[in-house]
Structures are given as structure tokens and as C-alpha cells.
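Each chain is listed here by its residues.
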Amino acid sequence: MLDLTSVDLLDAFTQELKLCKLKPDEHVVVLSEPTSRGDYVAAAFGAAKACGAHVIAATVPGGNPSPSDSTRTGAGPGLSAVLGDTAAQDLLKAADLVVDLTREGFIHAPLQQEILRTGTRILFVCDAPDVLVRNLPRPEDKAEVLKGVNLLKSASVMRVTSEAGTDLTIELPGSKPEFQVGFADDPGRWDHWPSTMVLCWPRFSEGRIVLSEGDILLPFKEYVRQPVTLQIAGGNIEKVSGGAEAHLLNTFFDDADDEWGRSLSHMGWGLMRTADWFATALYGKEELMGMDARAFAGNFLWSTGPHPVLRRESYAHVDIAMRGCTVSVDGQDVVTAGRLVDY
């Protein structure tokens, strides 16, 4: 882990905002809550000024609406202070760029789409300082993720296999292929620093997923210690069997009491070559969002819960990052045994 100074952070945020194509005289809102990192607020504010932009730092009360039980895993409706405050909403809609430094933001709230439709760009930042700096995106990353998106748009089937026994078939038509690239440079764009991934929202998937030792369960931020087998039918998890992590997942789904908790959501593969698979083990759970795992180059990332294509709202959102998989699109490998390949 790097020992970073305020100057290092200012430099990193300045590079990031330049990737977001921040122009002189554009308007930036640095959005935070009381628990946000003060050094991030200062770095984002200073970076916006260095780019010649107008900048406002806005601190809103934190937290999701109550009650928020333990099975709400970051996929809730978002910051109640913003959801219930039209003045705060108007401020965000009037900005050219919002740097969101809150813990959970409002990623899954309809309000975020409303803000984006005004042309506001939103950059979500929530990870440890050296994770941000190590994974600072490159301009050329966008062409790579768009290549993957275009491949999915023209394809019919994605298949995921592994030596551990995974064999999952995913139907791609209507799956709304998307990407994250780590910077928000287009009007109405939301993105997450750090992240480089291709993903989609399939309507239907069938087969078997086998989690191996060392795969990562998020947001629990736990490594799998014993194999877990999940039987998938019609895009739903029909059965989870295995060791301690199987029990954890079954308990979570049962306790969530969520209609869509066992339904598959987004899935895709990571392209962030600077990501460190072991970052999850090197930091406290409150220090990390877990993007090293989610966007790790050559991973297979899949999730449960909310599904915008099917208009499915759910708070039981789990991301699972797997290594060692082969991901093929209409028979063409994009990942072979956990390694990215040219396509």
C-alpha cells in the first residue's frame, strides 16, 4: 500500500477530471456526506479549480432511508437527504459534473437517471487512495470496453465455463450491453473510478456456476474457502450447495426475503489490468468498495437482484467475482481460463 500525500491525491484527481473532459467554466458539484473522506473532498475541489471550473462542495446528511437492514447491500434507493430535497436535486441537475464521494450514492435510484437525463455527468469515487492511484484509467481504455460492448450487441449467446465445473449459457438479445471505464466524459454519463469492465443484463441464463477457492463474494468482501455450486434455471438460482460460503449465501437470500434476491442480474468480464486480486485481503472492509475484484482483468463478474431491463427492483444485490473462467461470445473467446484474449 502506497503512502500518498495530499499532493499525490490532488494530482490523481486532476488527471481524473481531465479524463472526464472537464472544461474551464463548467460547473462541478463535489457531493459528500459527513463520513466522506475530507482529503477526497479537498482533492476533488482543488482539481476542479485547477481545471478552471466553477466548483461547489455540498455536504448532505448520509445514509439510506430507514429502516435499512443488513440485507440491503448498497443497492438501496440511495441518500435520503438527496431523494427528499428538491433543492439538492436541482443543484445536481444544474451541474455539468458531479463528483460523488458518498458511501453508496444513489446508483439504483430512479432519481439518478433523472439527473443524468439533464446532461449532468456523475463520477462515483469510493475506494482507498492507493487503489484509485494504481488504477487510474487511461484514455485508450474506452475503445477497449466499447469493443466488448459492440461484440455483445451483435451476438446471441455468451457461455461461461471453468475447470471447476461452471457451465453457464446466457442469452444476449435484449441484454442492454454496457461498460464502466473509470471516467465520465460524455453528457449524461455515470461512471465509477476505478473500473474497467464490460457487462450486460441478460433476460435468461441456464446451467451451473461453481465457485472455487479464492473467488470473491461482494459486498461481504470474503474469499471463497470451499467450492460452492449454484444451479441456475431460467435466470434464477434454484439451489446453492457446498461449504461455509454456500451457507452464507443461502442465509443471506433467506433473510433478505426479497422476491428477486435469487435472480441473476448483470454479468460480464473485467478489463482492469492494474487491479490486484489480493486487495480485498490487504484492507479493512470499510476502506474498500471492492473494485479491484469486480473489474480484475479476465474475471467473470455476475450478480443478483436489481435488473433494469426487466424493471426489477431489489435490495438483495450480491456481486461475485470469479477467476479461471473461459468466457465466449458466439463461440469466440474473450477470456480464456481467466486470461484476456484479443478478439
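Everything numeric here is computed off the predicted structure, so don't read it as measured data.

**Student:** Please explain the overall build of the chain as it appears in this structure.
**Tutor:** Across its full length, the chain carries 10 helices and 20 strands. Its C-alpha radius of gyration of 19 Å places the chain within 12% of the 20 Å reference for a compact globule of 343 residues. Considered along the principal axes of its C-alpha atoms, the chain spans approximately 55 × 45 × 40 Å. Taking the intrachain contacts of the chain between residues at least 6 apart in sequence as the baseline, contacts between residues at least 24 apart amount to 70%. When the accessible surface of the chain is summed, it comes to about 14,300 Å², and 51% of that surface belongs to carbon and sulfur atoms.

**Student:** I'm lost on the pairing of strand β19 (residues 332–336) in this one. Help?
**Tutor:** Within a regular beta strand, the side chains point alternately toward one face of the sheet and then the other, so they alternate between its two faces. Direction of pairing for strand β18 (residues 325–329) relative to β19: antiparallel, over a ladder of 3 bridges. Directly across from Val327, in β19, lies its bridge partner Val335. Hairpin remark: β18 followed by β19, antiparallel, with 2 residues in the connecting loop; positive phi at Asp330, about 50°. When β19 meets strand β20 (residues 339–340), the two strands line up antiparallel, connected through 2 bridges.

**Student:** Explanation requested: the sheet that holds strand β10 (residues 204–211) in the structure shown.
**Tutor:** Each strand in a sheet pairs with its neighbour through backbone hydrogen bonds, running either in the same direction (parallel) or in the opposite one (antiparallel). If you walk across this open sheet you meet the 8 strands as β14-β13-β10-β6-β5-β18-β19-β20, and the pairing is antiparallel. The open sheet has two free edges, formed respectively by β14 (236–242) and β20, since each of these has just one partner strand.

**Student:** For this particular structure, what's the right way to read the layout of surface pockets?
**Tutor:** The gaps of empty space that remain are located by a probe, the size of a water molecule, rolled over the atoms. By volume, the second largest pocket is sized at about 370 Å³. Taken together, 22 residues make up the lining of the second largest pocket; nearest its centre are Arg37, Arg103, Asp127, Glu286 and Glu287. Among the residues forming the lining of the second largest pocket, the class breakdown is 11 nonpolar, 3 polar and 8 charged. Here the lining of the second largest pocket gathers at least three residues from each of two domains, domain 1 (6–126) and domain 2 (140–340).

**Student:** Looking at this model, I keep getting lost on helix α8 (residues 244–256). Mind explaining?
**Tutor:** Residues spaced three or four apart along an α-helix face the same direction, because each turn holds 3.6 residues. In this model, α8 (13 residues) spans 18 Å end to end at C-alpha, consistent with the 18 Å of a helix rising 1.5 Å per residue. When α8 is considered as a whole, its buried residues turn out to be Glu245, Ala246, Leu249, Asn250, Phe252, Phe253 and Ala256. With its buried residues spanning 160° around the axis, α8 presents them on a single face. For α8, exposure combined with an orientation more than 90 degrees from the buried face picks out His247, Asp254 and Asp255. Immediately beyond the C-terminal end of α8, within one or two residues, lies Asp257, with a positive phi of roughly 50°.

**Student:** I'm lost on the packing of aromatic side chains in this one. Help?
**Tutor:** Here the structure, examined in full by the defined rule, presents 7 aromatic pairs. Seen in terms of ring centroids, Phe220 and Phe252 are 5.4 Å apart; in terms of plane orientation they differ by 85°. Their pairing is edge-to-face. A residue pair is termed long-range when its members are at least 10 positions apart, and Phe220 in the loop between β11 (216–218) and β12 (222–223) and Phe252 in helix α8 qualify at 32 residues. The class for Phe252 is buried, based on a relative accessible area of 7%. Between Arg189 and the ring centre of Phe179, over which it is positioned, the NZ or CZ distance is 3.9 Å.

**Student:** What should I look at first to understand the pattern of salt bridges in this one?
**Tutor:** Oppositely charged side chains are able to pair whenever their charged atoms sit close together. Applying the stated rule across the entire model yields 16 salt bridges. Here Arg273 makes a salt bridge to Glu144, at a shortest N to O gap of 2.7 Å. Of this pair, Arg273 sits in the loop between β15 (264–270) and α9 (279–282) while Glu144 sits in helix α7 (residues 141–153), placing them 129 residues apart in sequence. In this structure, the salt-bridge partner of Glu245 is Arg225, at a minimum N-O distance of 2.7 Å. On the criterion of sequence distance, the pair formed by Glu245 in helix α8 and Arg225 in the loop between β12 and β13 (228–233) is long-range, its members being 20 residues apart. For Glu245, a relative accessible area of 3% gives the class buried.

**Student:** Even after reading the chapter, I still don't get the sheet that holds strand β16 (residues 300–304), so can you show me in this structure?
**Tutor:** Pairing within the open sheet is antiparallel, and its 7 strands lie in the order β7-β9-β15-β16-β17-β11-β12. Strands with a single pairing partner mark the edges of an open sheet, and in this sheet they are β7 (178–180) and β12. Two strands pair when backbone bridges link them, and β11 and strand β17 (residues 319–322) are joined in this way by 3 bridges, in the antiparallel orientation. The residue bridging Leu217 from the neighbouring strand is Ile320, located in β17. Relative to strand β9 (residues 197–200), α7 is tilted by about 25°, and along the sheet it contacts β7, β9 and β15.

Rules used throughout
Residues numbered from 1 in each chain as written. Predicted model: local features only at pLDDT ≥ 70, side-chain atom pairs only at ≥ 80, totals over all residues. Heavy atoms only, no water. Helix = DSSP H or I, 4+ residues; strand = E, 2+ residues; numbered from the N terminus. Rg over C-alpha atoms; globule rule 2.2 N^0.38 Å. Contact = heavy atoms within 4.5 Å. Areas by Shrake-Rupley, 256 points an atom, 1.4 Å probe, with all protein chains shown as cover. Pairing = 2+ DSSP bridges. 1 Å grid on protein atoms, 1.4 Å probe; cavity = no way out; pocket = protein on both sides within 12 Å on 5 of 7 lines; lining within 4 Å. Points joined across faces, edges and corners; volume = space filled by probe spheres on them. Nonpolar A, V, L, I, M, F, W, Y, C, P; charged D, E, K, R; others polar. Domains from an automatic or database assignment. Expected span 1.5 Å × (residues − 1). Buried < 20%, exposed > 50% of the residue type's maximum accessible area, 1.4 Å probe, protein only. Arc of directions from axis to C-beta. Phe/Tyr/Trp six-rings, centres within 6.5 Å; stacked < 30°, edge-to-face > 60°. Lys NZ or Arg CZ within 6 Å of the ring centre and 35° of its normal. Salt bridge = Lys/Arg side-chain N within 4 Å of Asp/Glu carboxyl O. Axes fitted to C-alpha atoms, helices over the stretch in contact; angles between N-to-C directions.

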